[in-house]
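Single-letter residue listing:
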Amino acid sequence: MASQEDSAVNPAGKILSVCWNAGALAASYYDIDQLELYAVQQAIEPRPQYVLLRNLVQRYRPLYYVITGPAYFLEDCREVLGVPAAVAHQPAPSDSVDQSGGNASQPSNVKIVEYTAQSQAQARGRLLAHKLAGMPPESSERECRTFLESIVPFEQELLVTSVGNLLLLLDTVGDTLSPAQLVTRINLVTPSTQLVIDGLTYEALQIFDASRHPSGFKCGTDTRGLSVYSLFNKCSSKNGEEWLSRLMTQPIRDRAELQHRHDTVQWLLANVRYANQFDQCLKHLTNVGLLYRKLLQGTARNVDWKMLKKNLYYLYSLCKLCALTLEDAQVAGTVVQELGQYTRNPTNALKHVLYTIDKCLDLEKGDEENKVTIRAGLDPAVDRLREQYDGLREVVLESSRLGLETLQLDMANICVTYLPSFGFVISTQVDEQLQRSGIFQHESFDLVFQADNTAYFQISLCKELNDEFGQMVASMIEHELAVQTRLTTFVGTKFPEVMGVFKLAGKLDALLSFATVAKMHRYVRPLVCDGAKVLQIQGGRHVVLEHRRTYRANDTCVGETNHHLVNVIAADTSVGKTTYLKEVAIICYLAHVGSYVPAAYAKIPLLDSIYTRLDHPESIFSGRSSFMSELYQMASLLQNATASSLVLIDEFGKGTNYLEGKSLLIASIEHLLKRGDSAPITFVTTKFTGIERFLPTVHRNLLVRVHRTPTDRQSRSSTRTSDTLDVTPDDPADPTERLKATYQLAFRAVAFAVMKYHQAAGGQAPATESVRALMEFTPITRVPEQCLEISHPPSSRAVQQQHNRHANDDVTGDGT
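Residues numbered from 1 in each chain as written. Predicted model: local features only at pLDDT ≥ 70, side-chain atom pairs only at ≥ 80, totals over all residues. Heavy atoms only, no water.

Looking up the chain in an unreviewed UniProt entry gives the name DNA mismatch repair proteins mutS family domain-containing protein, with the organism given as Anopheles arabiensis. Per UniProt, the comment on the chain under Sequence similarities (unreviewed entry) is "Belongs to the DNA mismatch repair MutS family." (UniProt positions renumbered as here; feature names shortened; annotations may be inferred.)

This is the structure in structure tokens:
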């Protein structure tokens, strides 16, 4: 299956199963790395927006999809999932759970399951048949259902179908693991606690820096360049990096969990000595889930058991360190407290597994023999067979010593072992010295095979011992495998608990990274308020730009002393409008992942979504023009934004002509204002500096700030850009100066048009009538025309002619 191959490249890969019907959606996903299944509770999902589904795809980026629903939903999934081939295929009822994962017309990573009563019953039966850790070994079907109902709400039919179809897919993986071993735990996820952010917003805010080729090739390739993630990635372990990525791709609106994270960061900042000690333990942790999979598959070598023991040792040491902090009252409600309290349980799995591995396996001797070795004294039968085996190995080694020393080989690199397929063999590493020794041509040493830079030889004594003692050695190996099987079974029963502690350690590592960044760059703890529509930021800074150039802090105040929910900022030059919007969005985003924020003070409302119309990456792969992409973003924004949303609109309408763009922007703002106090907190930036004349500026929820740059400043600023926002009005008070500046703008526009005509005409000067026509049809507002009239008042003769023309118009009835 595709997910198996991809999981080796992407260990954090996921398989997503979605079930949609009649405007409701339920989903579940399987985490390949953690061997855990997550069930996303059923929620309202209107068509065609599919906000929740798009958010799930953006968050988890699955390697494989299982799709269940009616035909029109399957067709919609083509656009939502971004697959190039059509997925609207209705299989026959007998193929409702297709073992091959689709037909030839389907993408290789999409599986279609028809939503019928038969498929629902099959999915429900598969879920009820699943055995989880913690279930009694001989539990009845009723007891299994009672246990599963404590985890999965069976009254949600779509959710049961989604989870059941995912388990049915895992049954066809073809792995050596049983489904019970593949899914060690089922976790329930509530969509109402998730903060909705679309993929384009992630790209615009540079949360994860992803390169996008114009043709769509390598579309979305993660380059991990200069981004919010790269600046926050101070983790000590790979486990911590995966958790940091998880926290930053899954912002939440659960106030209790946010307080839990902020309390942890605050405690780590106040206890740097303990934080440094935690770091020393965390840096030794690796991927425990991958090691456990090798144990279950029976492919674990001595080095894997040794790595597992190392992880468990440092994980237990971390918990013991955290236990030393429990006397501190400030540690309450933090991840540190959870880890510390775990060691106070005398039956904790970490201690038991560590003790069992140390008692059963001799890892040091296993390194010497390059195999898993049972510790002496554990099983008398194994000890007796082991004693005979060691004696035979010594005989082989002594018999071959003279020949090996003659070949000038280092005996420290020579090992005698028993391979079930070949019997006793002499193994040594293939290096330059071995090549020069001539052992490959020596008649006494028969090369059996060569693999992994290791060569295996046999001498005549090896073959004799194989015939005489082969049965004895096979019996010893059988006894050792039985001990390993019992050990693996014991570790398997404790693994879900161990994995839970391991996840807490990864979360601590990610929050420790938040604390490190907060201390380095003077971040503050945000005050997240629930129910109050207040956004107050003092001295806010942009996370990325403040590291690259001088950046002036900005203040934001919405709802504290005013009701200005819709804020419009108009400026005709580059004064940092876009940067300001991104600054506000990133600060709100960081507050919802549990981090401190770059500001002197921040009071953030508990948001349910962040929608933006910021820069959009152009790509012919999308099949849309720039302006069409803008319209799609604005349509999604206006339809889905709620009273608890944050909306950011940057220069909407610039992709079309002036009048249409301005009209669309004004209509969008008026649409938001009609919601009154239920409007989302909105920030709009535009270059239409005359927009205040078309908006109801007296509206209690609207605030319009206009920044007009004088001509001399505008010409200087055209060669540079600013990353700071300055909306202070600085237009000259003298109307004559304003008139002069506007006239210069109009003159430059006409001069540019004349120049273009001059180039098109092959270098010939335009005629007077052509210049006059250019003056009339050049797209300039009426203000420059008035400037021309004021600057060059008409002569008395021209005034008389104009008067006569108006008189004639009155007579003919054409005048007004």
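1. Side note on the overall build of the chain
Regarding its fold elements, the chain presents 28 helices and 22 strands. Burial analysis of the chain (816 residues in total) assigns 50% to the buried set. Contacts in the chain between residues at least 24 apart in sequence constitute 70% of all its contacts with a sequence separation of at least 6. For the chain, the accessible area works out to roughly 38,600 Å², and carbon and sulfur atoms hold 52% of it. (Helix = DSSP H or I, 4+ residues; strand = E, 2+ residues; numbered from the N terminus. Buried < 20%, exposed > 50% of the residue type's maximum accessible area, 1.4 Å probe, protein only. Contact = heavy atoms within 4.5 Å. Areas by Shrake-Rupley, 256 points an atom, 1.4 Å probe, with all protein chains shown as cover.)

2. Here we look at the pattern of salt bridges
Counting across every chain of the model gives 18 salt bridges. Taking the shortest distance from any N to any O, the salt bridge between Glu-546 and Arg-541 comes out at 2.5 Å. Glu-546 sits in the partly exposed class, given a relative accessible area of 21%. A salt bridge links Asp-677 to Arg-700; its shortest N-O distance comes to 2.7 Å. One end of the pair, Asp-677, is in the loop between helix H23 (658-673) and strand E21 (681-686); the other, Arg-700, is in the loop between E21 and strand E22 (702-707), with 23 residues separating them in the sequence. (Salt bridge = Lys/Arg side-chain N within 4 Å of Asp/Glu carboxyl O.)

3. So, the sheet that holds strand E6 (residues 185-189)
With mixed pairing, six strands are arranged side by side in an open sheet as E5-E4-E1-E2-E3-E6. With partners counted over all chains shown, the strands left at the sheet margins are strand E5 (110-114) and E6, one partner each. Put simply, the sheet's adjacent strands are angled 15 degrees from each other on average, direction ignored. With five bridges connecting them, strand E4 (residues 64-69) and E5 associate as parallel partners. (Pairing = 2+ DSSP bridges. Axes fitted to C-alpha atoms, helices over the stretch in contact; angles between N-to-C directions.)

4. Overview of the packing of helix H4 (residues 117-128) against helix H5 (residues 141-149)
As a packed pair, H4 and H5 sit with axes 9 Å apart at the nearest point and diverge in direction by 95 degrees. Relative to H5, H4 is oriented roughly perpendicular. Note on element contacts: H5 touches H4 through Cys-144, Arg-145 and Leu-148, opposite Arg-124, Leu-127 and Leu-128. (Parallel < 35°, antiparallel > 145°, perpendicular 65-115°, else oblique.)

5. Some thoughts on the packing of helix H2 (residues 51-60) against helix H3 (residues 71-81)
In the contact formed by H2 and H3, the axes pass within 11 Å of each other and the chain directions differ by 45 degrees. Classified by the angle their axes make, H2 and H3 are oblique. For the pair H2 and H3, the sense of crossing is right-handed. Contact with H2, carried on its side by Leu-53, Arg-54 and Val-57, involves Phe-73, Cys-77, Glu-79, Val-80 and Leu-81 of H3 and no other residues of that element. (Left-handed = near helix turned anticlockwise from the far one by under 90°.)

6. Here's the deal with the pairing of E4
Among the six residues that make up E4, six are buried, leaving the element largely enclosed by the rest of the structure. Where burial is concerned, the two faces of E4 agree: the one with Tyr-64, Val-66 and Thr-68 and the one with Tyr-65, Ile-67 and Gly-69 are both buried. Here strand E1 (residues 14-21) pairs with E4 via five bridges, running parallel. Residue pairing across strands places Ser-17 opposite Val-66, the latter belonging to E4.

7. Overview of the environment of Leu-508
Here Leu-508 lies in helix H20 (residues 460-521). With relative accessibility at 0%, the residue Leu-508 sits in the buried group. With 169 residues separating them in the primary sequence, Leu-508 and Leu-339 have C-alpha atoms 9.3 Å apart. Apart from residues no more than four positions distant in its own chain, Leu-508 is found in contact with Thr-264, Leu-268, Phe-278, Leu-318, Val-335, Val-336 and Leu-339.

8. Let's talk about the confidence of the model for the chain
Mean pLDDT for the chain: 77, with 75% of residues reaching 70 or above. Segment residues 1-11: pLDDT under 50, and 20 contacts once partners within four positions in sequence are set aside and those in other chains are kept. Under a pLDDT of 50 for its full length, residues 84-104 has, in the predicted model, 46 contacts with residues more than four places off or in other chains. (pLDDT = per-residue confidence, 0-100.)

9. Some thoughts on helix H22 (residues 626-640)
Taking 1.5 Å per residue, 15 residues should reach 21 Å; H22 reaches 21 Å between its end C-alpha atoms and fits that length. For H22, the elements touching its buried residues are H2, helix H8 (199-205), strand E19 (609-613), strand E20 (645-650) and H23. (Expected span 1.5 Å × (residues − 1).)

10. Quick look at the side chain of Thr-356
Inspection of the secondary structure puts Thr-356 in helix H16 (residues 349-360). Look past the residues within four positions of Thr-356 in its chain and what remains in contact with it is Leu-487 and Phe-490.

11. Let's talk about the sheet that holds strand E15 (residues 535-540)
Strand order across the open sheet formed by four strands is E14-E18-E15-E16, with mixed pairing between neighbours. With partners counted over all chains shown, the strands left at the sheet margins are strand E14 (527-529) and strand E16 (554-558), one partner each. On average, adjacent strands in this sheet sit at an angle of 20 degrees to one another, irrespective of strand direction. Across three bridges, the pairing between E15 and strand E18 (residues 601-605) is antiparallel. Residue pairing for E18: Gln-536 is matched across the bridge by Lys-603.

12. Notes on the pairing of strand E3 (residues 36-44)
When strand E2 (residues 24-31) meets E3, the two strands line up antiparallel, connected through seven bridges. Residue pairing across strands places Asp-31 opposite Glu-36, the latter belonging to E3. Counted along the chain from E2 to the antiparallel partner E3, the turn is four residues long, and its residue Leu-35 has a positive phi close to 60 degrees. As defined by bridge partners, E3 adjoins E6 across five bridges and the pair is classed as parallel. Within E6, the position partnered with Val-40 by the bridge is Val-189.

13. Examining the nonpolar core
Note on soluble globular proteins: their nonpolar side chains tend to be buried together. Within the largest apolar cluster, 141 residues are counted, with the highest numbers of intra-cluster contacts made by Phe-278, Trp-305, Leu-535 and Phe-683. No other element matches H20, which puts 18 residues into this core. In this structure Phe-683 touches Leu-535, Thr-556, Val-558, Asn-567, Tyr-580, Leu-581, Val-584, Leu-646, Val-647, Leu-648 and Ile-649, once residues within four positions along its chain are discounted. (Core = buried A, V, L, I, M, F, W, Y, C linked by side-chain atoms within 4.5 Å.)

14. Side note on empty space enclosed by the protein
Under the counting rule described, the total for this entry stands at three cavities of 30 Å³ or more. One number sums up the size of the largest cavity: a volume of about 110 Å³. Of all the elements, helix H10 (residues 238-249) adds the most residues to the lining of the largest cavity, at five residues. A breakdown of the residues in the lining of the largest cavity according to their chemical character gives three nonpolar, four polar and six charged. (1 Å grid on protein atoms, 1.4 Å probe; cavity = no way out; pocket = protein on both sides within 12 Å on 5 of 7 lines; lining within 4 Å. Points joined across faces, edges and corners; volume = space filled by probe spheres on them. Nonpolar A, V, L, I, M, F, W, Y, C, P; charged D, E, K, R; others polar.)

15. As for the state of the cysteines
Scanning the entire structure with this criterion turns up zero disulfides. Cys-319 carries a free sulfur, and the closest cysteine sulfur to it, the one in Cys-322, is 6.3 Å from it. (Disulfide = S-S within 2.5 Å.)

16. Regarding the side chain of Ser-595
Among the structural elements, Ser-595 can be located in the loop between helix H21 (577-591) and E18. Setting aside anything within four residues of it in sequence, one finds Ser-595 in contact with Phe-232, His-262, Phe-514, Pro-526 and Leu-590.

17. Brief notes about the environment of Ala-532
Residue position: Ala-532 is located in the loop between E14 and E15. Considered as a pair, Ala-532 and Ile-604 are 72 residues apart in the sequence and their alpha carbons are 9.1 Å apart.

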